[in-house]
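# Understanding the architecture of this molecule
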Amino acid sequence: MLRRFNRLMEQEMCMTPERVQMTFRYVLGSVLVVTISMTLQIPIMAMSLVMLFFATQENAQLTFISGRMLICGASSALLCTLILFILTDDWPGARVIGMMIIIFAGMFFLRVSRWGVIGYQVAFLGSYMQTLGDTTVSPDTLVRTVLWIWIAVIYPIVLAIILSRYIPAAQPVRQYCMAIRHNWQIIASTLDDIRHYRRSHFGGMGVINPAKMNRYQHFAFMDNPSLSSHIESLNLLQDTQDMMEAALLILEQQAETTWSEEALLAIEWVQQGCLRLAEITPGKAWPTIAPLPEALVGADLPSSLHTIIEALTSFGSFHHVPAPQPQFSVPFQPILARDWRTNPVYPRFALKAVLAAFICYLGFMSVQWPGIHTCMMTSVIIALPSFGASTHKGWLRLIGCLVGSIITFFCVVFVVPHIDTIVGLLLISLPMFALCGWVAAGSARISYAGMQILFAWSQILYGSFGMTTDLTVVRDRLIGILVGAVVSLTVYHFIWPERSETVLHVVFKRLFALVGETLRQDYRASNYIANTSALARNAKQLIDEAKTEAEMTFLEKGGMVMRRHDLRHVWKLPGRMGSLLHDVRHIQTLCRGAKVSPEINQAVDVFLHLIADDIAQFSINEQDLQVNASSATFLGQGHYLRELYLKQNLTGNDGVVLSLCLNIVELMMEMVRHNTIQSSQSIFPALDENT
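For clarity, every value in this text was computed on a predicted model and none was experimentally measured.

### Considerations on the overall build of the protein
A tally of regular secondary structure across the protein gives 24 helices and two strands. A burial count over the protein gives 53% of its 691 residues as buried. Considering only contacts in the protein between residues 6 or more positions apart, those separated by 24 or more positions represent 80%. Accessible surface computed for the protein: about 31300 Å², of which carbon and sulfur atoms make up 61%.

### Things to note about the packing of helix H8 (residues 172-195) against helix H11 (residues 261-277)
Where H8 contacts H11, the axes come no closer than 8 Å and their chain directions differ by 165°. By the criterion of interaxial angle, the relationship of H8 to H11 is roughly antiparallel. The element H8 and its partner H11 pack so that their crossing is left-handed. Here Ile180, Trp184, Ile187, Ala188, Leu191, Asp192, Ile194 and Arg195 of H8 lie close against H11, whose contacting residues are Leu264, Ile267, Glu268, Val270, Gln271, Cys274, Leu275 and Leu277. Here the contact of H8 with H11 is composed, by residue class, of twelve nonpolar, one polar and three charged.

### Description of the packing of aromatic side chains
Counted by the stated rule, this structure contains five aromatic pairs. Note on Tyr26 and Phe53: the rings are 4.2 Å apart at their centroids and 15° apart in plane angle, and the pair reads as stacked. Placement of the pair is Tyr26 in helix H2 (residues 17-40) and Phe53 in helix H3 (residues 45-55), with a sequence separation of 27 residues. Note on accessibility: Tyr26 and Phe53 belong to one class, buried. Aromatic side chains Phe410 and Phe414 sit 5.1 Å apart centroid to centroid with 40° between the ring planes, which places their arrangement in the tilted category.

### Some details on empty space enclosed by the protein
Going through the model one piece at a time under the given rule, you end up with four cavities of 30 Å³ or more. Considering only enclosed or pocket space, the largest cavity measures out at about 110 Å³ in volume. In terms of lining residues, the largest cavity is bounded by 13 residues, among which Val50, Phe124, Ile381, Arg397 and Gln452 are the most central. When contributions to the lining of the largest cavity are tallied by element, the ones reaching two or more residues are H3, helix H6 (116-131), helix H14 (374-381) and helix H17 (447-461). Partitioning the lining of the largest cavity into residue classes produces ten nonpolar, two polar and one charged.

### Things to note about unusual backbone geometry
If you check the backbone angles, Gln41 has positive phi at about 55° while not being a glycine. You can see Gln41 is positioned in the loop between H2 and H3. Phi is positive for Ile44, close to 55°, though the residue is something other than glycine. Turning to its location among the elements, Ile44 is positioned in the loop between H2 and H3.

### Considerations on a nonpolar patch on the surface
Taken together, the side chains of Leu79, Ile83, Ile86 and Leu87 present a nonpolar region at the surface, about 460 Å² in accessible area. Secondary-structure assignment places Leu87 in helix H4 (residues 60-87). By relative accessible area, Leu87 is classed as exposed at 64%.

### What to know about the environment of Arg95
Structurally, Arg95 is set in helix H5 (residues 92-112). A relative accessible area of 6% means that Arg95 is categorised as buried. In this structure the C-alpha to C-alpha distance between Arg95 and Phe85, which are ten residues apart in sequence, comes to 7.2 Å. Residue contacts for Arg95: discarding those within four places in its chain leaves Leu84, Phe85, Thr88, Gln130, Gly133, Asp134 and Tyr361.

### What to know about the pattern of salt bridges
Counted according to the given criterion, the structure contains five salt bridges. The salt bridge involving Asp140 is made with Arg144; its shortest N-O contact spans 3.1 Å. You can see Asp140 and its partner Arg144 sitting in helix H7 (residues 139-166), four residues apart, about one turn around the helix. A relative accessible area of 47% places Asp140 in the partly exposed class. The exposed category is assigned to Arg144, whose relative accessible area is 53%. Between Arg475 and Asp476 there is a salt bridge whose closest N-O contact spans 3.0 Å. Assessed through its relative accessible area of 44%, Arg475 is described here as partly exposed.

### Considering the nonpolar core
Core analysis: the largest hydrophobic core is formed by 96 residues, its most contacted members being Ile103, Met107, Met376 and Tyr462. Considering every element that reaches this core, the biggest residue donor is H7, with twelve residues. If sequence neighbours within four positions are ignored, Ile103 has contacts with Ala123, Ser127, Val354, Ala357, Met376 and Val380. Listed in part, the 48 residues of the second largest apolar core include Ala546, Cys661, Met668 and Met671.

### Observations concerning the packing of H4 against helix H9 (residues 210-223)
Running from amino to carboxyl end, H4 crosses H9 at an angle of 85°, the nearest separation of the two axes being 9 Å. Classed by the angle they form, the pair H4 and H9 counts as roughly perpendicular. Of H9, the residues touching H4 (which contributes Gln61, Leu62 and Ile65) are Arg215, Phe219, Met222 and Asp223. Residue composition of the contact of H4 with H9, by class: four nonpolar, one polar and two charged.

### A closer look at the environment of Ser30
If you trace the backbone, Ser30 turns up in helix H2. In this structure, the C-alpha to C-alpha distance between Ser30 and Leu430, residues 400 residues apart in sequence, is 8.7 Å. If near-sequence neighbours (up to four positions away) are discounted, Ser30 is found in contact with Leu49, Leu52, Phe53 and Phe433.

### Quick notes on the environment of Pro172
With respect to the helices and strands, Pro172 occurs in helix H8. When the C-alpha atoms of Pro172 and Asn224 are compared, they prove to be 8.7 Å apart, with 52 residues separating the residues in sequence. Discounting residues that sit within four places of it in the chain, Pro172 has contacts with Asn59, Ala60, Gln61, Phe219, Ala220 and Asp223.

Parameters at a glance
Residues numbered from 1 in each chain as written. Predicted model: local features only at pLDDT ≥ 70, side-chain atom pairs only at ≥ 80, totals over all residues. Heavy atoms only, no water. Helix = DSSP H or I, 4+ residues; strand = E, 2+ residues; numbered from the N terminus. Buried < 20%, exposed > 50% of the residue type's maximum accessible area, 1.4 Å probe, protein only. Contact = heavy atoms within 4.5 Å. Areas by Shrake-Rupley, 256 points an atom, 1.4 Å probe, with all protein chains shown as cover. Axes fitted to C-alpha atoms, helices over the stretch in contact; angles between N-to-C directions. Parallel < 35°, antiparallel > 145°, perpendicular 65-115°, else oblique. Left-handed = near helix turned anticlockwise from the far one by under 90°. Nonpolar A, V, L, I, M, F, W, Y, C, P; charged D, E, K, R; others polar. Phe/Tyr/Trp six-rings, centres within 6.5 Å; stacked < 30°, edge-to-face > 60°. 1 Å grid on protein atoms, 1.4 Å probe; cavity = no way out; pocket = protein on both sides within 12 Å on 5 of 7 lines; lining within 4 Å. Points joined across faces, edges and corners; volume = space filled by probe spheres on them. Patch = residues over 30% accessible without salt bridge, like charges linked within 9 Å, V, L, I, M, F, W, Y side chains within 5 Å. Salt bridge = Lys/Arg side-chain N within 4 Å of Asp/Glu carboxyl O. Core = buried A, V, L, I, M, F, W, Y, C linked by side-chain atoms within 4.5 Å.

Here it is, written out as structure tokens:
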């Protein structure tokens, strides 16, 4: 378990160009917020810092879009709060009812609209502002406090938009180019390690995944539509990278103590080609790749190295001609979901959030402990569509607050007594801002914890305009978060529960259909490359989505119904589907180039169609989340291909294709349930190393 945790931390905390530039923006923005708030004495600096982190997105386009929505949500929350205070000045019961209506409206809008962040902001800030009515006696003071909150929320959002616009690394086109360069440099570095017999730790770590690369491409096209004329070449570049990554993982495992001269020459040639691809700048001349050395034509190389050479050669021979009339437009999407009036899931979700918030409000008001008002905010913050996602965010909020509180306690006791200027305060804050920014710039697994560490830190050190040693805020905040998380998760678990498992079934159903469609593609057709590239991109997005939902499903079932090892199959299933897709595309590419014999070509064609028919009938069992396969017609053809491989002792492309087919059979056997096909062991005995 410790080894798995270490690998997870290496993967989540690894360095990428996006992470570095986002951390820089977080740190710079945080320093400016502290300086501005201290100079102008703007209260609630902790809220300002959190809003800066919320508004800062991966590029300038997305920061501008999210910033507008956050400003709109904050202004709407302010307006609703002031109107409610005016109407219910002498009627506390009506104010509580109005507060619950605001939370309901915000949470309902969060579920039904693609602009849901506005509803989230209304519910979050609305609930926070309304709690001030119970602790503030003077109406004038109450209105001033609410207006100060609005200012403290708005100005860091505007600051984040300005910083992202004028920092070059945040520009979408530049960011896309940096991501391309980063990925190809990592691949080239791994090849260099393999060539010089150094231990390689590739494993896909540090490489920006295809889903994020597609996002970069989308925003780059939004920022500069003329780049869309190169979309075919850029998509082929991404497909080449994906195929090389998958083959590189296999080559890494096959690393030999002594490479043959041909293998060393091939690895060096591929490495130089990757370095050339790292120089690609969309919109400028495409770099040329040196032709394959004659010594490598027909050379006996590992199949994974053959795959890498084939992918690089195919891209090098592609004719990069921009489209004559580049057109890029964002497709119109309705603001509200089509079933927002009829689907009962949406109002149920909002009612659950209202119930959790009301229980928390009633609790801290009944015990007259306003310091734990964060329980009510927690009930709104972790309100997410599925119970697993809510559990994940609740844990991140609690762990982040705990880590931030421990660090803050250490600083307050040992460091703060020796500081008497804002310069000293900023010096001890810079490492903390960098840590929080680095975590917040990570994946969705850990990013929210970075904001909570920051909030716990700033709640103490920036709770006033002078130094403080009051640690009761840490205690109250931790208790409030714990109470809010327990209440919310209890409500979401027992009342109209929404399970990630349900979403997981839908995602896998779509993924199985998409893989089957890819298998049925006619690789002889002229539009084969365009069709399979689009299908592969969609499949990779579904695989990433399936991995996320599988993790959320574990949070739902892991500690209650199923043990960890019972879910290992569904965790591995998306990766196996990705490996199967890679092998299929490699087979189709070799067959398309007429590089295999007609007999093998025909046998493989039948085999792929049988695999497609079987995958189309896959389903996920509801009890143990394993694959149900109603048929296994591919086994007969698999036996035939194995006998063909062993009897004729095929080499070259014929041997590579049959070896890949046998790998696919192994993957299929690993994916299906043990009680569907009688033996869970491989139908093949151990083959030699060339298989």
